Amino acid sequence: MDAARLNDRVARGLGQAALRIGDPYDAYRPCGPLAPLARTNFVVQLAVAFHGEDRDWHRSARYGQPLWFAICDNAYTCPGDYLVGPLGTFFVAAQPPLLPTVCVQTNRLLRVTRAGGARAPGINAYGGVQQGEQDLLLDAWPASVLAAGGGSGHGGPLPGQPGPPSMTVLLPALRGKQALELRQGDLITDEAGSVSVVSSVELSPLGWRLNAVEAVV
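Below: a short report on this structure. Predicted model, so just to flag it, every value in this text is computed and none were measured. (Residues numbered from 1 in each chain as written. Predicted model: local features only at pLDDT ≥ 70, side-chain atom pairs only at ≥ 80, totals over all residues. Heavy atoms only, no water.)

**A word on unusual backbone geometry**
Even without being a glycine, Ala-35 presents a positive backbone phi close to 45°. With respect to the helices and strands, the residue Ala-35 is situated in the loop between β1 (23-28) and β2 (42-51). According to the relative accessible area criterion, Ala-35 is partly exposed, its value standing at 32%. (Helix = DSSP H or I, 4+ residues; strand = E, 2+ residues; numbered from the N terminus. Buried < 20%, exposed > 50% of the residue type's maximum accessible area, 1.4 Å probe, protein only.)

What follows is the structure, encoded as C-alpha cells:
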C-alpha cells in the first residue's frame, strides 16, 4: 500500500472517530485578504474532536498554549483553513501525514495595515502615519494573540513605569497567488480598537508568527 492510500485510510478512520466523539464544525477556506469567515468561503461542515498534548483526553491544552490537535477527516481540510464550532474558532496550522491535524485556537479578530509612503517627493507637510493613507493587508482575520512577557523594556518617563506590553500573534498564511508578505512596522488593530506595531516577523510552514508592541498614543 502506498503512502497516499494509507494516509487516506487514516484520515477516514479519524473522521469516523470524530463522528462518535466530536462536534460539528464549519470549515472556511480564505480566498483573499478580506473576511476569511465570509459565507462565500464556506467549504464543508464536518465532525471534529479536539485534544491537547495528551492524546488520551485526560487534560486540555496548557494555559497560554493555543495549539490543539483535531481528530477529523482531514481529506476535507488543508493548512490555512478555519474551523468554527462549539469550542470557538481555530485555524489549521499543519496536517502531518498519518497524524492528527495541528490547529491554533484564536481569540482576537485583527486588521493588518501598512503605512503608505510620502504623497510627493521631497519635503512633505506631515511625516507621521495617517489613517487614510494606510494600505490594507488583512481584514477581519481571527488570530491567536498572547502576552509575550513584560513590557518592551523601555519604561515611561517616571521611574518604575512599565513600557508598552508586547504580544505574540499567530496567523495562517495565504498561499499561492494570494500570498502576501508581512513586515516589521506593519500595524495591527484588534476588534476593540487597540493598535500594535509589528516588531519582528517569522513565516514558517505553520503560518505567521509576529511579535508586536502596543502603540503608545
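**Focus on the packing of aromatic side chains**
By the definition in use, this model includes six aromatic pairs. Relative to Phe-90, the ring of Tyr-25 lies with its centre 6.4 Å away and its plane at 70°, an arrangement referred to as edge-to-face. In this pair, Tyr-25 is assigned in strand β1 and Phe-90 in strand β5 (residues 88-94), connecting sequence segments 65 residues apart. By relative accessible area, Tyr-25 is classed as buried at 0%. Summarising the aromatic geometry, the rings of Phe-50 and Phe-90 are spaced 4.0 Å apart at their centres and angled 15° between planes, so their arrangement reads as stacked. With Phe-50 in strand β2 and Phe-90 in strand β5, the pair connects residues that are 40 residues apart, well separated along the chain. A relative accessible area of 1% places Phe-90 in the buried class. Put simply, the rings of Tyr-25, Phe-50 and Phe-90 pair up and form one aromatic cluster. (Phe/Tyr/Trp six-rings, centres within 6.5 Å; stacked < 30°, edge-to-face > 60°.)

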